[in-house]
Amino acid sequence: FAAWRIFFERIAGRGTTILLFEDLQWADTGLLDFVGHLLEWSRNVPILVVTLARPELFDRRPDWGSETRNLTKLALEPLTDGAMRQLLEGFVPGLPESAVHAILARADGIPLYAVETVRALVADGRLERDGDVYRPTGDLGELTVPDTLRSLIASRLDALDPADRSLVADASVLGQSFAVASLTAVSGAEAAALEPRLRALVRRELFDLEIDPRSPERGQYRFVQSLIREVAYGTLARRERRARHLAAARHFEALGDDEIAGLLASHYVAAHEASADGAEADAVAIQARLSLSAAAERAATLGAHDQAVAHLRTAVRITADPGERAGLLTRAGASANLAARHGDAEALAREAMSLARDAGDPSGVGRAAALLGEILIDAGKPPESVEVLEAAIAAFPESGDGETRAVLLSTLSRAYMRSGAAARSVETADRALGIAERRHLERIIAETFNNKGSSLGQLGREREGVALLKAAVDVARAGGFVAAEIRALSNLATSMDADPRLRREVLDQAIALARRVGVRSMASWAAVERLVTIYDAAEGWDGALAGAEEDLADARDRTLLSPLDEIRSLACQGLLRVARGEPTDEVMVSLEALAELTTDAFGPTAVHTMRGDRALLRGSHAEACREFLLLAEEPYADFLLQRAMRAALWGGDIATAREIADRLEALPSPASNTSAARVAARAGIAALEGRPDEALEGYRDALSRHRAMGRAFEVACTDLDLVVLIRGNEPATREAATEARPIFERVGARPYLERLEAATAPPAQSLPGIRA
C-alpha cells in the first residue's frame, strides 16, 4: 500500500491527479482497503479519488466513504425520457419510434438498459457498426425488451453457441478481468484454440481487450459490464463453481507468486462455499485456511492490517478446531491492534483466550493473554493490563513453553513501565531477558530492552536507559521487527537528553516508518511527541497546531484513536494554545471527559496540567500550584513539579517553593532539564529571600543548561522568572527581557509577553502637588 501511495503522491507532485475506480462493487478487499489507506494518508496531497459503484458495494462496506472528511457523494438518478431519447438517437441514428418506445418503457431511465438492448441487436445482426454509431440493417420489426436487465443479459448469453456460453461462464469465475493462461486452466482448452473464440466474443461486445501499454493488465480480457459477469456466474451450478474455482486456485498456486496470495485464497474460499457439507467441504477448508493464513501474513508484512484481519476472520469461519481458531484470532487481534482498532483487537484477544482455554492449550492462552495485555496498554489501560498479565503468569504452568512465558513477562514489564512502577518493570524485564537471551528470541529481546531502557530513565539511570533503547533499535532493525523499532525510536527520542531538533529527527524516523507500514497507533504516538519537541524548541507553532488539529479530526472521523491517544494530542495542542492565550474551554471539556475513559496516569495529569497552566497565566498562582501538585508523582513528577515551582515563585509563596525544591532534589532523574529546574528553583528561592546576587548566578547557570539543550521556550520562561523575581538589577533584567521577547513573539505567546511587559514597565510617576 505504501509503495503505491508514494508512487501516486510523486505523480501528484507534478499536478493534481485523478484516480478513477470503476465498478468498485467488484473490487476485492485489498483494493477497497487501499482506497481507504490512500484517503487517510494522502489527504494533504492533490489527489482526487473518484469511485463509481452500484449499490451492492454497501452490502460489503455499509460505511463506505463515511470516514472520509472531504467527501462528495452523488447518487445517479434515472435519466428523463428526453435524455434517453437523445442517448438513443446519438447511439443509433434512425432507430424506429416503435423500438425507441419499447426501450423507454422498460429502461426506467437506466442508460445501461438501452446500451445492452443495442448490443443484443448487434449480436442478432439487426444493427451494424458504422464508425462510432450503429445503424439498422433493415426493418427491426417488433422489438421485445425483457422486463429486467438481468434477463436481457441472460438472453444475450442464451443466444451464444453452447461452447462459447460455457467459456463466458468459465471466465466469470476468474473475475472482472482475466489472462488467457488463467482461462486455459479453468476451461481446459488450449490457448491457441481460445484466442479466436475470445476475439469473436469481443466483437459481440461481451468481452473487451486491454491494449493500453500503460496498463498492468495489458493483453488481458475483461467483461464489458460487471453485470454480464455476474449473470454468467449465476448460470453455474454449485458443483460447477466448485470445480472451476479449484482449477483456478491450483493454477495460481502453481505460479508460486506471493503477490497473488489474496487471489489464491479467494478461489479456495469460493470453492469451499460451493462445496457440499461434509468431507467435500472439509477437504477444501484445509486448503482455504492455509491460503488465507498466507494471505494474511502477506498483508500484515506489507502493513495492510485491516486486510489481514479480514482474511483471518474468514479463516476462523471455516475452522472447527478451537485451538486453531484461537491461533487465528490471536493473529487477527495483533493486526487489529496495529491498525489502531483497539476495541476490535480486545474482543478478538479475549475470544482467543476463551477458545484456547476450552482447547486445553496453556501456551495458546498465554499468547492471547500477552496480546490482550499489549492491547490494553495501547488503549490507555495499563492497570488493567497489569491485572490480566499477572493473572496469566500466575496461571501459566512451570513446565509451560519458555517463549510464551518470556512474552508474558516482557509485556508485563511494559505495563509496569506505563503504570509508573519503574523498579518492578526493570525486575520483570530482567526475568524476561533471562529466558529470551538463552533462547535467542530476538523480537522479545528488542521489546524488553525498550521497556527496561524507558524504566531506567524513570529511575534516574538515564544514560544506561538510552544505551538500552539504542540497542533495542539495533536489535529490532536487524531482525526486521518494525513495530518494535518504531516504539524504540519514539521512546529513545523521549528519553534523549538532547536538542529538540535532534529528538525531532529521531521522531521523524519513527513517524515515517510507522506511515510506511501502516502502524497508525505508533504514528499517532510519535506525532504527539514531535509536537512536544516543537513546543520546546519554540519553532513553527502555527503549522504544528494546524497539522495536529487536522490529524486529530481525521483520526476521530475514522475512529482510529484510543482515548489515551486523543488525550495526548489534545493535551499537547492545549499546551500551545494556553501559552498563546487562545480559547481552550472546549479542549478542557474534552480532556476532562476523555480522562474518565482511561486508567493511564497521563489522563488526569493532562487535565491538571492544563488547569494549572490556565490558572497561572490568569494570575491565580495558588490555584495553579495546587493543580500541579495534585498528581506530582512518578512518572510525570519532574514535569509537574517544575510548573508548580514557577507558580509558587510568581505568587511569592516561599514555604511552598521550598517544599517543591526539596521534592525536585529527591527525584531520581539526573536529566539536564531536571537539573536545570533544580538550579532555577534554588535561584528563585534566593530571589524571594532577598539574595539577588545568588539568584542571578543561579538563573544564569539554569539558562546556560537550557540553551545547551535547545529548549528555547524554557529559556524564555526562565528569563521571565528572572525579570519577575529580580527587579533591582537593571542590566540583568534588561538582558533577560531582550532574549525572551523575540522568542515569545515568534510563537505568539501573548500572555507571557504581557507578563514580561508588565514586569519591565517603569514604575508609575505621581504628579507633583499644586499649591493654591
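Residues numbered from 1 in each chain as written. Predicted model: local features only at pLDDT ≥ 70, side-chain atom pairs only at ≥ 80, totals over all residues. Heavy atoms only, no water.

**Q** Please clarify how the environment of Leu328 should be interpreted in this entry.
**A** As for its position among the elements, Leu328 is in helix α16 (residues 322-338). Assessed through its relative accessible area of 10%, Leu328 is described here as buried. Spatially, the C-alpha atoms of Leu328 and Ala352 are 8.1 Å apart, while their sequence positions differ by 24 residues. (Helix = DSSP H or I, 4+ residues; strand = E, 2+ residues; numbered from the N terminus. Buried < 20%, exposed > 50% of the residue type's maximum accessible area, 1.4 Å probe, protein only.)

**Q** How do you make sense of the packing of aromatic side chains when you look at a structure like this?
**A** Geometry of an aromatic ring pair is reported as the spacing of the ring centres plus the angle between the planes. Summed over all chains, the structure comprises 15 aromatic pairs. Ring plane angle 50 degrees and centroid distance 5.1 Å describe the contact between Trp541 and Phe713, whose orientation is recorded as tilted. Highlighted residues: Trp541 in helix α27 (residues 541-557) and Phe713 in helix α36 (residues 712-725), separated in sequence by 172 residues. With respect to burial, Trp541 and Phe713 carry one shared label: buried. Among the aromatic residues, those joined into a cluster by ring pairs are Phe1, Trp4, Phe7, Phe8 and Phe34. The ring centre of Tyr233 lies 5.7 Å from the NZ or CZ of Arg229, which sits over that ring. Over the aromatic face of Trp650 sits the side chain of Arg755, whose NZ or CZ is 4.6 Å from the ring centroid. (Phe/Tyr/Trp six-rings, centres within 6.5 Å; stacked < 30°, edge-to-face > 60°. Lys NZ or Arg CZ within 6 Å of the ring centre and 35° of its normal.)

**Q** What is the right way to look at a nonpolar patch on the surface in this model?
**A** A cluster of nonpolar side chains, Ile18, Leu20, Leu48 and Leu52, forms an exposed patch at the surface whose accessible area comes to about 380 Å². Structurally, the position occupied by Leu20 is in strand β1 (residues 17-21). (Patch = residues over 30% accessible without salt bridge, like charges linked within 9 Å, V, L, I, M, F, W, Y side chains within 5 Å. Areas by Shrake-Rupley, 256 points an atom, 1.4 Å probe, with all protein chains shown as cover. Salt bridge = Lys/Arg side-chain N within 4 Å of Asp/Glu carboxyl O.)

**Q** For this particular structure, what's the right way to read empty space enclosed by the protein?
**A** Applying the stated criterion to the full structure yields three cavities of 30 Å³ or more. Gln642, Met645, Arg646, Leu649, Ala676, Ala677, Ala680, Ala681, His706, Glu714, Thr718 and Asp721 are the residues that line the second largest cavity. Residue composition of the lining of the second largest cavity, grouped by class: six nonpolar, three polar and three charged. (1 Å grid on protein atoms, 1.4 Å probe; cavity = no way out; pocket = protein on both sides within 12 Å on 5 of 7 lines; lining within 4 Å. Points joined across faces, edges and corners; volume = space filled by probe spheres on them. Nonpolar A, V, L, I, M, F, W, Y, C, P; charged D, E, K, R; others polar.)

**Q** What's the story with the side chain of Thr448 in this structure? I'm lost.
**A** Position of Thr448 relative to the elements: it lies in helix α22 (residues 442-458). A polar contact is formed between the side chain of Thr448 and the side chain of Ser410, at a distance of 2.8 Å. Other than its neighbours up to four places away in sequence, Thr448 contacts Ser410, Ala429, Ala432 and Leu433. (Polar contact = N/O pair within 3.5 Å; in protein donor to acceptor, adjacent residues only side chain to side chain. Contact = heavy atoms within 4.5 Å.)

**Q** Any chance you could explain the pairing of strand β3 (residues 127-130) here in plain terms?
**A** Working note: regular strand, side chains alternate between the two faces of the sheet. Where β3 and strand β4 (residues 133-136) come together, four bridges link them in antiparallel fashion. Residue pairing across strands places Leu127 opposite Pro136, the latter belonging to β4. Turn length for the β3-β4 hairpin, with the two strands adjacent in sequence and antiparallel, is two residues, and the turn residue Gly131 shows positive phi of about 70 degrees. (Pairing = 2+ DSSP bridges.)

**Q** Would you take a moment to explain helix α11 (residues 226-234) for this structure?
**A** The buried fraction of α11 is high, at eight of nine residues. Those residues of α11 not exposed but buried are Ser226, Leu227, Ile228, Arg229, Glu230, Val231, Ala232 and Tyr233. Lining the buried residues of α11 we find α6 (111-123), α7 (149-158), α8 (162-174), β7 (221-223) and α12 (238-255).

**Q** How should the nonpolar core be read in this particular structure?
**A** For soluble globular proteins, the rule of thumb is that nonpolar side chains tend to be buried together. Ranked by size, the top nonpolar core spans 151 residues in total, and within it Phe178, Leu198 and Leu591 carry the most contacts. Broken down by element, the residue count for this core peaks at nine residues, all from helix α18 (residues 362-378). Among all residues touching Leu591, those that are not within four sequence positions of it are Ile567, Leu570, Ala571, Ala606, Val607 and Met610. (Core = buried A, V, L, I, M, F, W, Y, C linked by side-chain atoms within 4.5 Å.)

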